[in-house]
Structures are given as structure tokens and as C-alpha cells.
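Inside the fold
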Amino acid sequence: MQEMKTFHAPRYASPWSDRERVALLLWELCWKFLCSWTPKPCNPWRLFWLQRFGAKISGQPFVHQNARIQIPWNLTMRDRACLGNGANAYSLGEIEIHEQATVAQEAYLCTGTHDFSHPDQPLQVGKIIVGENAFIGARAFILPGISIGKNAVVGACSVVTRDVPDGARVAGNPARVL
């Protein structure tokens, strides 16, 4: 499990600067008007805009037009990685998707949570890593700070609360090795 980073701010205050909030607004408008309606063969166009907003793209990954990416500058995608239809990269912290890894439809990679033991419930973020050739099934939920190992498989609708070792097959809520 990756180390969590805590943003201490007064309760209900945004941890993002005004500049970051403007960039996020521009990103939302860009994705909505320039990318979300494009057909699958326009993947290079979507990758172009992701890179313009700071995503680290190498090779030729695939990002479905209905994928949701909260903060593109926190996203790294490697060659032939896939972010599927309706997949949600809630990238308040870093998300790294390695070569040939697949994040299936409506899977949720959630890098943010709150410290509920503190009265202000500060935001906490943890990096998510999806290893080479890993597969995250439909509607799976990956918690902050989790690493999915190389060649691992996460079953559909699973909730991953612990790191998944290389080559492991996990499923359930919480996900357990099969």
C-alpha cells in the first residue's frame, strides 16, 4: 500500500488553488466539447488533449470517449493501456496505468478519501498503480494507495482494499485472492 498524503485545510475549504480550479474547469469543458462525443477511432485526438492538460502518455494507450478523468495532470498511461467505457479515474492523487493494463467499463480508481479521525476530515490522497498486463473488471472499486500487480486480475464489482500481488486473481467485497 502506498503512503497517503494529507491536505490540511479548514473544513469545507478546497485544497486546490484558484489557478488549479480554473484549470479543472477548462479541462471539464475541453473533455465535454472536444472529446466526449468523438467516436472510438478518434483516440489520438483524445490523447492529444489529455497530454495538453498534463497527462503523461507513452506509446499508444486507449481512452474511451465516456471515460471520466478528474485531474489529467495526475494520470500516467503507458503503451496499450486501456481506460474503458465509463471508467472513472478519480485522480485527486496520481494514477499510473502500465503497459497493456485494462481498466474495464465503469471501474472506479479512487485516489481520494478523508481522515475521519480528525474533526476537519482533511482530504487524503494515495497513488494507485495498475501493473503491466493487469485487468480490472467492470465496476470494480480500487481504494487510494493500492497497487495492482503485474498480470493480476480484479473481478467485476470487487472492492480492492489491499495491494494485489503479481499474477493474483481477486474478487469480492473486500477482494480476496481466489
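See above for the structure.
Small disclaimer: the values here were computed from a predicted structure and weren't measured.

**As for unusual backbone geometry**
- Along the chain, Asn 173 connects to Pro 174 via a cis peptide bond; the corresponding omega equals -5°.
- By the element assignment, Pro 174 lies in the loop between β19 (169–171) and β20 (176–177).
- Its identity is not glycine, yet Gln 100 carries a phi of approximately 60°, on the positive side.
- Mapping Gln 100 onto the fold places it in the loop between β8 (95–97) and β9 (102–103).
- The backbone of Glu 106 shows a phi angle near 60°, a positive value even though the residue is not glycine.
- Judged by relative accessible area, which is 39%, Glu 106 ranks as partly exposed.

**Quick look at a nonpolar patch on the surface**
- On the surface, Val 22, Leu 25, Leu 26, Leu 29, Phe 33, Leu 34, Trp 45 and Phe 48 cluster together into a nonpolar patch covering about 730 Å² of accessible area.
- Of all the secondary-structure elements, those providing two or more residues to the nonpolar patch are α1 (18–35) and α2 (43–52).
- With six residues, the top contributor of residues to the nonpolar patch is α1.
- By the secondary structure assignment, Leu 34 is in helix α1.

**Focus on the layout of surface pockets**
- Counted as a void, the largest pocket has a volume near 280 Å³.
- Lining the largest pocket are 17 residues, and of these Ala 13, Pro 15, His 114, Gln 121 and Leu 123 sit closest to its centre.
- Looking at the lining of the largest pocket, the element that brings in the most residues is strand β11 (residues 112–114), giving three residues.
- Among the residues making up the lining of the largest pocket, the classes are represented as eleven nonpolar, four polar and two charged.
- Of the pockets and cavities examined, the second largest pocket occupies roughly 240 Å³.
- Along the wall of the second largest pocket there are 15 residues; nearest its centre are Lys 5, Leu 92, Gly 93, Glu 94 and Val 125.
- Put simply, the parts of the chain that give the lining of the second largest pocket at least two residues each are β1 (5–7) and α1.

**Some points on the sheet that holds strand β6 (residues 82–83)**
- On the basis of which strands lie adjacent, the open sheet formed by seven strands has the order β3-β6-β9-β14-β17-β19-β20 and mixed pairing. Taken across any chain shown, the strands that pair with only one partner, and hence form the sheet edges, are β3 (62–63) and β20.
- Examined bridge by bridge, β3 and β6 share two bridges and lie parallel to one another. Note that in β6 the partner of Val 63 across the bridge is Leu 83.

Conventions we followed
- Residues numbered from 1 in each chain as written.
- Predicted model: local features only at pLDDT ≥ 70, side-chain atom pairs only at ≥ 80, totals over all residues.
- Heavy atoms only, no water.
- Helix = DSSP H or I, 4+ residues; strand = E, 2+ residues; numbered from the N terminus.
- Buried < 20%, exposed > 50% of the residue type's maximum accessible area, 1.4 Å probe, protein only.
- Patch = residues over 30% accessible without salt bridge, like charges linked within 9 Å, V, L, I, M, F, W, Y side chains within 5 Å.
- Areas by Shrake-Rupley, 256 points an atom, 1.4 Å probe, with all protein chains shown as cover.
- Salt bridge = Lys/Arg side-chain N within 4 Å of Asp/Glu carboxyl O.
- 1 Å grid on protein atoms, 1.4 Å probe; cavity = no way out; pocket = protein on both sides within 12 Å on 5 of 7 lines; lining within 4 Å.
- Points joined across faces, edges and corners; volume = space filled by probe spheres on them.
- Nonpolar A, V, L, I, M, F, W, Y, C, P; charged D, E, K, R; others polar.
- Pairing = 2+ DSSP bridges.

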